[in-house]
Amino acid sequence: MKILKRTLIFMLCLFLTAALLAGYAFKIEPFMVFTHYYDLNAPDRKITQVIRVVQLSDIQVNASYTENKLEELVDKVNDLSPDVIVFTGDLFDNFSKYKAVDAVTSALSALNASYGKYAVWGNRDYGGGASRVYADIMSNSGFTLLKNEGITVTTTKGHELFIGGLDDALLGFPDISTTLRYMEDDPDYRIILLHEPDIADRFEAGSANLLLAGHSHGGQVKLPFIKSPVTSLAEKYTSGFYDIDNNMKLYVNTGIGTSHIPARFMVPPEIAVFNIGL
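None of the values given here were measured: they were computed from a predicted structure.

As for the side chain of serine 57
Looking at the secondary structure, you find serine 57 in the loop between strand S2 (50–56) and helix H2 (67–78). A relative accessible area of 0% places serine 57 in the buried class. Reaching out from serine 57, the side chain makes a polar contact with the side chain of aspartate 58 at a distance of 2.6 Å. Setting aside residues up to four positions removed in sequence, serine 57 forms contacts with Phe87, Thr88, Gly89, Ala213, Gly214, His215, Asn253, Gly255 and Ile256.

Next comes the structure, spelled out in structure tokens:
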């Protein structure tokens, strides 16, 4: 009888623990947006200005992460006083199921950055009918959408920051050489935006100072003794910094939204902030 009682108590505790963890994973962590700060400097230069670049990725607006949450995210980003905002793809989770075009455009329009807002295509920006509206949403909300293109931003102190953007690698046609041809002379710092991080291995050494990607969600759920799930073209690089070569780093953002299931565990959403000395 004592053994049965202990077994029942143990099973009850196990059930309650699982229920609490599930509640945390579905209802709490997906909305705990962390801000991570990184200091980076242009090589071999005396620093006279620091530019703040804020990266967002994989917002994936849906019934679980609505435009109201997006508005909260916008306020959080604006409080960071960014000089540049970049978005590395996947605005809607599945556009065919959730189409808050006007509300999302309005929210993104409220983002403020001294030297502009820039974005690239993600695979979900092509799927579910999103390809018909994504370019208009980004343009109408003040973003420059880069598709194998680049732009050089001149700062108030005369520094040149190159921002390039590749097309999505799964459903688009990324072209690195075409993107790099937009680079003028020798800018002080070179950033390339891409959605799928494993594409970083296709770059020649020294092509950029910083590659910014997303797509992986950092695995989204990390459980003890179980390998986190990976997705196509985010198998090698999943989260954080990687040295692609001595002069080029890759940063993989774990994203804001969720994919497949509306849960996160031990991989909270993030805003990445890069303070770049020029």
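Following the structure, the description resumes.
Details of the sheet that holds strand S11 (residues 248–252)
What the six strands build is an open sheet, ordered S6-S7-S8-S9-S11-S10; its pairing is mixed. Edge positions in the open sheet fall to strand S6 (149–154) and strand S10 (240–245), since each of these has one partner strand only. Each neighbouring strand pair of the sheet contributes to a mean axis angle of 20°, computed without reference to strand direction. With five bridges connecting them, strand S7 (residues 160–165) and strand S8 (residues 189–193) associate as parallel partners. Across the sheet, leucine 161 pairs through a bridge with tyrosine 189, a residue of S8.

Focus: the packing of H2 against helix H3 (residues 101–109)
At a closest axis distance of 9 Å, the pairing of H2 and H3 adopts a crossing angle of 5°. When the axes of H2 and H3 are compared, the pair comes out roughly parallel. Of the residues in H3, those in contact with Glu67, Leu70, Glu71 and Val74 of H2 are Ala103, Val104, Ala107 and Leu108. Taken together, the residues of the contact of H2 with H3 sort by class into six nonpolar, no polar and two charged.

Digging into H3
Every buried residue of H3 is accounted for by Val104, Thr105, Ala107 and Leu108. Along the long axis of H3, the arc covered by the buried residues comes to 165°, so they all point the same way. Structurally, H3 contributes buried residues whose contacts are with H2, strand S4 (117–119), helix H4 (134–140) and strand S5 (143–145).

Some points on H2
For H2, with twelve residues, the first-to-last C-alpha span of 16 Å sits near the 16 Å given by 1.5 Å per residue. Buried residues along H2 sit in contact with S2, strand S3 (84–87), H3 and strand S12 (270–277).

Describing the pairing of S10
Bridge count between S10 and S11: five bridges; the pairing is antiparallel. Residue pairing across strands places tyrosine 242 opposite leucine 250, the latter belonging to S11. If you look at the hairpin formed by S10 and S11, you'll find two residues sitting between the two strands.

Focus: the pattern of salt bridges
With the rule as written, the count across this model stands at four salt bridges. The residue aspartate 201 makes a salt bridge to lysine 236 at a minimum N-O spacing of 2.9 Å. Separated by 35 residues along the polypeptide, aspartate 201 in the loop between S8 and strand S9 (210–213) and lysine 236 in the loop between S9 and S10 bring together distant segments of the chain. In this structure aspartate 201 comes out as partly exposed when scored by relative accessible area, which is 41%. The salt bridge involving lysine 249 is made with aspartate 243; its shortest N-O contact spans 2.7 Å. Under the relative-accessibility criterion, lysine 249 is labelled partly exposed at 33%.

How each quantity is defined
Residues numbered from 1 in each chain as written. Predicted model: local features only at pLDDT ≥ 70, side-chain atom pairs only at ≥ 80, totals over all residues. Heavy atoms only, no water. Helix = DSSP H or I, 4+ residues; strand = E, 2+ residues; numbered from the N terminus. Buried < 20%, exposed > 50% of the residue type's maximum accessible area, 1.4 Å probe, protein only. Polar contact = N/O pair within 3.5 Å; in protein donor to acceptor, adjacent residues only side chain to side chain. Contact = heavy atoms within 4.5 Å. Pairing = 2+ DSSP bridges. Axes fitted to C-alpha atoms, helices over the stretch in contact; angles between N-to-C directions. Parallel < 35°, antiparallel > 145°, perpendicular 65-115°, else oblique. Nonpolar A, V, L, I, M, F, W, Y, C, P; charged D, E, K, R; others polar. Arc of directions from axis to C-beta. Expected span 1.5 Å × (residues − 1). Salt bridge = Lys/Arg side-chain N within 4 Å of Asp/Glu carboxyl O.

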